[in-house]
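# Coordinate inspection notes
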Amino acid sequence: GVRDLASGTAPEDSAGVVLLRTSPAAVWRDLVRSEYRLDATLRRVLFGLAVFFLIVYGVALVVAGGMIVSITRSASRLTRGARQVAEGRLEVRIPVRRRDELGDLAATFNSMTASVQSMLVEVAEKERLAADLELARQIQERLLPEPSLTHGPVTVFAAFRPAKEVGGDCFDLVPGEGARLVATIGDVAGHGLPTGLLMASLNSAATALLCEGYGGGPLLTRLNRLLIEHWPGRTMATFAVVELDPEGRRLRVASAGHPPPYYIGPGGQVEELPGGSLPL
């Protein structure tokens, strides 16, 4: 309380103001003033903490620098690989040295380039097969006779349209003595290049046998034997031989499983000609 300096008594109505003047250094001295020398101890603790945090900061800088360098190298490898792929070098592969997102990205990049390379190989192979099939189609069409033929009093019209590039269908016209004319027609089960080759072989063999004097059933028997001997497996083909003799007004049809022919008379009447047997 406030007291009078002369009498030492406290006045009844009084007000007091206390002014304190100090500094941070004085506060620090008052705080550490002790017989246990808190000043030096706190200095050592604070210095130790400063050194510890400085070491942690340095380690963090080293780790961050290493991560930045590693990420930069990985990104550079990805960029370089993308440029090489853009130049058409699909055999390029990026080394996968990380197990994070960048490593997954490199592995995905390698898988993508391998898939693209394999796809291009398949496309090139398909284009080559398409070119081979187109060439085979052209050869097959060249083996066929003209779509219209006049031999003596007989005029033949034919149309050929395979289901695919190369089909197993074929026909031929072989002029004989005088006005005689022989037509052959066949169909191998299936489509594609193998069936086209088989039918071309059968048709060539039939033409050769006709030139040797075979016809009708004996010709089909020889074709069946050739098919068994030279084309083993479950291969089936239908074949028909039509021999026309305008002078004798005779028509002879021999069929091995082929659909029966139709006769259209002058008045437009349609008649199915019976006959046929098992396929070759």
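Residues numbered from 1 in each chain as written. Predicted model: local features only at pLDDT ≥ 70, side-chain atom pairs only at ≥ 80, totals over all residues. Heavy atoms only, no water.

Quick look at the overall build of the protein chain now. Per the secondary structure count, the protein chain includes five helices and eight strands. Helices and strands in the protein chain line up, N terminus first, as α-α-α-β-β-β-β-α-α-β-β-β-β. A buried classification covers 24% of the 280 residues belonging to the protein chain. Look at the contacts in the protein chain between residues 6 or more apart in sequence, and 50% of them connect residues 24 or more apart. As presented, the protein chain carries roughly 20100 Å² of accessible surface, and 60% of it is formed by carbon and sulfur atoms. (Helix = DSSP H or I, 4+ residues; strand = E, 2+ residues; numbered from the N terminus. Buried < 20%, exposed > 50% of the residue type's maximum accessible area, 1.4 Å probe, protein only. Contact = heavy atoms within 4.5 Å. Areas by Shrake-Rupley, 256 points an atom, 1.4 Å probe, with all protein chains shown as cover.)

Next up on the list: unusual backbone geometry. Positioned with a positive phi, Arg 249 is a non-glycine residue whose angle comes to about 55°. Take Arg 249: it is sitting in the loop between β5 (237-245) and β6 (250-256). Taking relative accessible area as the criterion, Arg 249 reaches 76% and is therefore assigned exposed.

A word on the pattern of salt bridges. Applying the stated rule across the entire model yields five salt bridges. A salt bridge links Arg 180 to Glu 243, with the shortest nitrogen-to-oxygen separation between them at 3.9 Å. Placement of Arg 180 in the loop between β3 (167-175) and β4 (181-191) and of Glu 243 in strand β5 is noted, with a sequence separation of 63 residues between them. Here Arg 180 falls in the partly exposed class, since its relative accessible area comes to 34%. Here Asp 245 ties to Arg 250 by a salt bridge, and the two come within 3.1 Å at their closest N and O atoms. Owing to a relative accessible area of 11%, Asp 245 belongs among the buried residues under this scheme. Judged by its relative accessible area of 53%, Arg 250 falls in the exposed class. (Salt bridge = Lys/Arg side-chain N within 4 Å of Asp/Glu carboxyl O.)

A separate point is the sheet that holds β6. Strand order across the open sheet formed by four strands is β3-β4-β5-β6, with antiparallel pairing between neighbours. Two strands bound the open sheet, and with one partner strand each, they are β3 and β6. Between one strand and the next, the sheet's axes are offset by a mean angle of 10°, whatever the strand orientation. Across the sheet, helix α4 (residues 193-211) touches β3, β4 and β5, and the angle it forms with β4 is around 160°. (Pairing = 2+ DSSP bridges. Axes fitted to C-alpha atoms, helices over the stretch in contact; angles between N-to-C directions.)

What follows covers the layout of surface pockets. Quantified by volume, the largest pocket comes out at close to 720 Å³. If you go around the largest pocket, you meet 26 residues; those closest to its centre are Val 156, Ala 183, Val 242, Leu 251 and Pro 261. Going through the elements one at a time, β2 (154-157), β3, β4, β5, β6 and β7 (262-264) are the ones with two or more residues in the lining of the largest pocket. No other element matches β4, which puts five residues into the lining of the largest pocket. When its residues are assigned to classes, the lining of the largest pocket shows 21 nonpolar, four polar and one charged. (1 Å grid on protein atoms, 1.4 Å probe; cavity = no way out; pocket = protein on both sides within 12 Å on 5 of 7 lines; lining within 4 Å. Points joined across faces, edges and corners; volume = space filled by probe spheres on them. Nonpolar A, V, L, I, M, F, W, Y, C, P; charged D, E, K, R; others polar.)

Position of His 151 relative to the elements: it lies in strand β1 (residues 148-151). At a separation of 3.1 Å, a polar atom in the side chain of His 151 contacts the main-chain carbonyl oxygen of Arg 180. In contact with His 151, other than residues within four places in its own chain, are Pro 175, Gly 176, Gly 178, Ala 179, Arg 180 and Leu 181. (Polar contact = N/O pair within 3.5 Å; in protein donor to acceptor, adjacent residues only side chain to side chain.)

On to the side chain of His 258, then. Its location among the elements puts His 258 in the loop between β6 and β7. Among the polar contacts listed, one links the side chain of His 258 to the side chain of Thr 238, at a separation of 2.9 Å. The residues touching His 258, leaving out its near neighbours within four places in the chain, are Ile 185, Gly 186, Asp 187, Thr 238, Phe 239 and Ala 240.

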